[in-house]
Amino acid sequence: MDKIDRKILHELQLDGRLSNQDLAQRVNLSPSPCLRRVRRLEEQGVIRGYTAIIDQKRYGYPLTVFTRISLARHDTETVAKFERRVREIDEIIDCFVLTGQRDYQLRVVAASLEDYERFMRDTLHTIPGIGSIDTSFAFGVVKQAPSLPHL
């Protein structure tokens, strides 16, 4: 990946709906080589897809909850079952494996406190192997970058 590829990626992260013509102008290429580069980046999996950024509150999920999980056991089966189940739950937007005192951090969205309580009781608590759960509610967002740092 060279400097031009990185410029292309930067521009697409800022506006994924750019036409190839506009993208080519922004990165100082003619349209054909620009399109070839974009297709190559897609084929290599650098560009994994294109998506719309949805306003979470307006969509109906005003709560963002960070839930930290410690597993009771760390054997292969327990970890695999936990991770498989997490991938199936729509309310879990992100799941990160951590170092330190907790094993995982989840970013969960909920429509209300009652909705989150229902999620905890009916969904999260039913996953086998969880040893402890610690929850923090986000009061607001200071920064939520739509793009990776430009190199």
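In this text, all values refer to a predicted model and were calculated from it rather than measured experimentally. (Residues numbered from 1 in each chain as written. Predicted model: local features only at pLDDT ≥ 70, side-chain atom pairs only at ≥ 80, totals over all residues. Heavy atoms only, no water.)

Asks: Can you walk me through the pattern of salt bridges in this structure?
Replies: It is possible for side chains bearing opposite charge to pair when their charged atoms get close. Per the stated rule, a full pass over the model turns up 12 salt bridges. The residue Asp5 makes a salt bridge to Arg40 at a minimum N-O spacing of 3.1 Å. Of the two residues, Asp5 is situated in helix α1 (residues 3-14) and Arg40 in helix α3 (residues 31-43); the sequence distance between them amounts to 35 residues. Between Glu77 and Lys81 there is a salt bridge, and its shortest N-O distance comes to 2.9 Å. (Salt bridge = Lys/Arg side-chain N within 4 Å of Asp/Glu carboxyl O. Helix = DSSP H or I, 4+ residues; strand = E, 2+ residues; numbered from the N terminus.)

Asks: Just checking my understanding: could you explain the side chain of Thr78 for this structure?
Replies: Position of Thr78 among the secondary structure elements: in helix α5 (residues 76-88). Setting aside chain neighbours within four positions, we find Thr78 in contact with Leu71, Arg73 and Gly129. (Contact = heavy atoms within 4.5 Å.)

Asks: Could you clarify how one ought to interpret the packing of α1 against α3 in this entry?
Replies: Geometry of a packed helix pair, given as the angle between the helix axes and the separation of the axes. It is at 10 Å that the axes of α1 and α3 come closest, and there the two elements cross at 80°. It follows from the interaxial angle that α1 and α3 lie roughly perpendicular. Residues Ile4, Asp5, Ile8, Leu9 and Leu12 of α1 pack against Cys34, Arg37, Val38, Arg40 and Leu41 of α3. Classifying every residue of the contact of α1 with α3 gives seven nonpolar, no polar and three charged. (Axes fitted to C-alpha atoms, helices over the stretch in contact; angles between N-to-C directions. Parallel < 35°, antiparallel > 145°, perpendicular 65-115°, else oblique. Nonpolar A, V, L, I, M, F, W, Y, C, P; charged D, E, K, R; others polar.)

Asks: Please explain the sheet that holds strand β3 (residues 104-110) as it appears in this structure.
Replies: Read across the sheet, four strands follow the order β2-β3-β1-β4 without closing on themselves; strand pairing throughout is antiparallel. Each edge of the open sheet is held by one strand with a lone partner, namely β2 (92-97) and β4 (130-137). Within this sheet the neighbouring strands show an average axis-to-axis angle of 20°, counted without direction. Pairing of strand β1 (residues 63-71) with β4, which is carried by seven bridges, proceeds in the antiparallel orientation. Within the sheet, the bridge partner assigned to Arg68 lies in β4 and is Asp134. Helix α6 (residues 113-122) rests against β1, β2, β3 and β4 of the sheet, and its axis sits at about 170° to β4. (Pairing = 2+ DSSP bridges.)

Asks: How should I be thinking about the nonpolar core in this particular structure?
Replies: In summary, soluble globular proteins display a tendency toward joint burial of nonpolar side chains. Ile69, Phe82, Phe119 and Leu124 are the most contacted members of the largest nonpolar core, which totals 18 residues. The contact partners of Phe119, leaving out residues within four places of it in the chain, are Ile89, Glu91, Ile92, Val108 and Leu124. If you look at the next biggest cluster of nonpolar residues, it comprises 11 residues, including Ile8, Leu9, Val27 and Ile47. (Core = buried A, V, L, I, M, F, W, Y, C linked by side-chain atoms within 4.5 Å. Buried < 20%, exposed > 50% of the residue type's maximum accessible area, 1.4 Å probe, protein only.)

Asks: Any chance you could explain the UniProt feature "domain: HTH asnC-type" (unreviewed entry) in the protein here in plain terms?
Replies: Sequence positions flagged by UniProt for "domain: HTH asnC-type" (unreviewed entry) are, in local numbering, residues 1-62. Here residues 1-62 runs as 58% helix and 0% strand, with 39 Å between its end C-alpha atoms. (UniProt positions renumbered as here; feature names shortened; annotations may be inferred.)

Asks: Just checking my understanding: could you explain the side chain of Glu11 for this structure?
Replies: Tracing the sequence through the fold places Glu11 in helix α1. Residues contacting Glu11, with those up to four places away along its chain left out, are Leu18, Leu23, Arg26 and Val27.

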